[in-house]
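So you can see what is in the structure, the chains are spelled out below.
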Amino acid sequence: HILPLEFYPPVTNLLNILALRTDLEVMAISSRNHKQRENYKHPGIQVHRITYPAYTKRAFRKMVALAEIILCPLVWLIRFQPDVLLYYEPHSAYPVYLYKKYVRPSVRLFIHYHEYYTPDEFRVPNMKMVEFFHRKEERFLYQQAEWISQTNPFRLDFFSKDYPFIPKSKLHLLPNYPPESWKESRLQSFAGGRVKLLYLGALSFENTYIREMVDFVKRNSDKLSIDIYSYKLSDDVAAYLSHLHSENIHFYEQGVEYEKIPEIAGKYDVGLILYKPHNPNYQYNAPNKLFEYLVCGLDVWFPKEMIGTYPYITEGTYPKVVKTDFERLDGLNVEEMISHEGLTLKSSEYFAEKVYGEFIDQSIIP
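Since the model is a prediction, treat every value here as computed from it, not as a measurement.

K.L.:
So, the packing of helix α1 (residues 9-19) against helix α12 (residues 352-364): which residues are in play, and what are the values?
P.N.:
Running from N to C, α1 and α12 point in directions that differ by 65°, and their axes come no closer than 10 Å. Regarding α1 and α12, the two cross each other, and that crossing is right-handed. Note on element contacts: α12 touches α1 through Ala352, Glu353, Tyr356, Phe359 and Ile360, opposite Pro10, Asn13, Leu14, Ile17 and Leu18. Of the residues belonging to the contact of α1 with α12, the class tally is eight nonpolar, one polar and one charged.

K.L.:
How would you explain the packing of helix α2 (residues 59-80) against helix α3 (residues 93-103) if you had to name every residue and give the values?
P.N.:
The contact between α2 and α3 brings their axes to 8 Å, and the two run at 45°. When the interaxial angle is binned, α2 and α3 end up oblique. Relative to α3, the crossing made by α2 is right-handed. Of the residues in α3, those in contact with Ile69, Ile70, Pro73, Leu74, Leu77 and Ile78 of α2 are Tyr94, Pro95, Leu98, Tyr99 and Val103. Residues that form the contact of α2 with α3 fall into these classes: 11 nonpolar, no polar and no charged.

K.L.:
Explain the nonpolar core to me, using residue names and the numbers behind them.
P.N.:
Leu197, Met213, Ile228, Leu241 and Trp301 are the most contacted members of the largest nonpolar core, which totals 121 residues. Once you skip the residues sitting within four places of it in the chain, Ile228 turns out to touch Tyr199, Leu203, Ile210, Val214, Leu241, Ile249, His250, Phe251 and Tyr252.

K.L.:
Which residues make up the packing of aromatic side chains, and what values go with them?
P.N.:
By the definition in use, this model includes 31 aromatic pairs. Here Tyr94 and Tyr97 contribute two aromatic rings whose centre-to-centre distance is 5.7 Å and whose plane-to-plane angle is 25°, an arrangement assigned as stacked. Here Tyr94 and its partner Tyr97 are both found in helix α3, three residues apart, which amounts to about one turn of the helix. Like Tyr94, the residue Tyr97 is buried in the burial classification. Ring centres of Tyr275 and Tyr282 lie 5.3 Å apart, and the angle between their planes is 55°; on these two criteria the pair is classed as tilted. Residue classification places Tyr275 among the buried positions, given a relative accessible area of 18%. Of the aromatic side chains, those joined through ring pairs into one cluster are Tyr94, Tyr97, Tyr102, Phe132, Phe133 and Phe140.

K.L.:
Tell me about the environment of Phe158, and please be specific about residues and values.
P.N.:
With respect to the helices and strands, Phe158 occurs in helix α5 (residues 153-162). Sequence-distant contacts of Phe158, that is, excluding residues within four places in its chain, are made with Tyr116 and Tyr284.

K.L.:
An account of helix α7 (residues 235-242) is needed here, citing residue identities and associated values.
P.N.:
Of all the positions in α7, only Val237, Ala238, Tyr240 and Leu241 are classed as buried. One face of α7 carries all of its buried residues, which in axial projection span an arc of 165°. Residues of α7 that are buried sit in contact with α6 (210-219), β8 (224-229) and β9 (249-252).

K.L.:
Report on the pairing of strand β1 (residues 26-31), specifying residues and quantitative values.
P.N.:
In terms of burial, β1 is a largely internal element, six of the six residues being buried. Burial of β1 is two-sided: the residues Val26, Ala28 and Ser30 facing one way and the residues Met27, Ile29 and Ser31 facing the other way are all buried. Relative to strand β2 (residues 45-50), β1 is paired through six bridges, and the arrangement is parallel. Paired with Ile29 across the two strands is His48, which belongs to β2.

K.L.:
Provide a residue-level description of the pattern of salt bridges, including the pertinent values.
P.N.:
If you walk through the whole model with that rule in mind, you get 17 salt bridges. Measuring nitrogen to oxygen at the nearest pair gives 3.7 Å for the salt bridge that ties Glu257 to Arg37. Of this pair, Glu257 sits in the loop between β9 and α8 (261-265) while Arg37 is found in the loop between β1 and β2, placing the two residues 220 residues apart along the sequence. For Arg37, a relative accessible area of 8% gives the class buried. Put simply, Lys161 and Asp157 hold a salt bridge, and the shortest N to O gap is 3.1 Å. With Lys161 and Asp157 both in helix α5, this residue pair falls four residues apart, about one helical turn. Judged by relative accessible area, Lys161 falls into the exposed class, the value being 60%. Given the relative accessible area of 37%, Asp157 is considered partly exposed. The network of salt bridges with shared partners includes Arg21, Asp23 and Asp361.

Procedures and definitions
- Residues numbered from 1 in each chain as written.
- Predicted model: local features only at pLDDT ≥ 70, side-chain atom pairs only at ≥ 80, totals over all residues.
- Heavy atoms only, no water.
- Axes fitted to C-alpha atoms, helices over the stretch in contact; angles between N-to-C directions.
- Helix = DSSP H or I, 4+ residues; strand = E, 2+ residues; numbered from the N terminus.
- Left-handed = near helix turned anticlockwise from the far one by under 90°.
- Contact = heavy atoms within 4.5 Å.
- Nonpolar A, V, L, I, M, F, W, Y, C, P; charged D, E, K, R; others polar.
- Parallel < 35°, antiparallel > 145°, perpendicular 65-115°, else oblique.
- Core = buried A, V, L, I, M, F, W, Y, C linked by side-chain atoms within 4.5 Å.
- Buried < 20%, exposed > 50% of the residue type's maximum accessible area, 1.4 Å probe, protein only.
- Phe/Tyr/Trp six-rings, centres within 6.5 Å; stacked < 30°, edge-to-face > 60°.
- Arc of directions from axis to C-beta.
- Pairing = 2+ DSSP bridges.
- Salt bridge = Lys/Arg side-chain N within 4 Å of Asp/Glu carboxyl O.

Scope: geometric values only; no functional claims are made or implied.
In structure tokens:
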């Protein structure tokens, strides 16, 4: 996983589960995070890191980093001699290609994608390196892999149509769920007063409805409050949030460490998903945050354009999952949206241990 582990909790969740297995020896290869996040460590996992080229500005250092992301993982793989090799995203593909083709063709190969990329997305200027890596996937690694997975059925269907030469027997679902230990940090209904809204995640004006949501909360300060935790955000959003000075809007620029989310989430009524579905990846998305909010007992409001979340819309139960028009927020009936009257409590069933346990026992160790 060449991109930093700390930015991708589904990976660290899997590593934590793998580390409990005494019959496995596990090595993870990643890059150093540049957001001052606490580095992932586990006594049962060997972790090696390099510098990702996009996270350095000097031209010479970029060249060195580009060599690092290819050569260092290859050396670590040669030393470790894995029986099973799993890589995430096309960003990680090239050293795997070299190892599988030229060093150990017998290694069992698994591929997983956090995101769905259309073929056209590889052709934009800032994806030249990734496009080169992806060509190795398309021409070699897809044929060699015994498992290729996406996070939901919509994305898997798009992927299958993009690469019809891949046998459907190789294609699988591997959703991103939180740990079961998060269960029931809050499962009571709205207790009155202001409705407490929570947003966790990356932010930009172009790709999220953050301005629309904050303006709506400002206009309804007697009914709503919002707390925003984000360490991955554009400078203009950071400046905007830092200068609000509103007693019912709070911005935490350090974000929150993943394992502390249940402790934080238990104080709120509603978890917000604010992504603007500007491409198929987001339009057909059921985000990690959906399942994290639900397991913590929060209702969830998501953009009506996010078709990938429609299968989780609730009827007759709570926590509620409610599609929301974030471009016409003044038309919302907040009281109706948060009401649990006549609804039955249904605790979340979406846990990492279940899906990853099945993945390990049925696929990694068949």
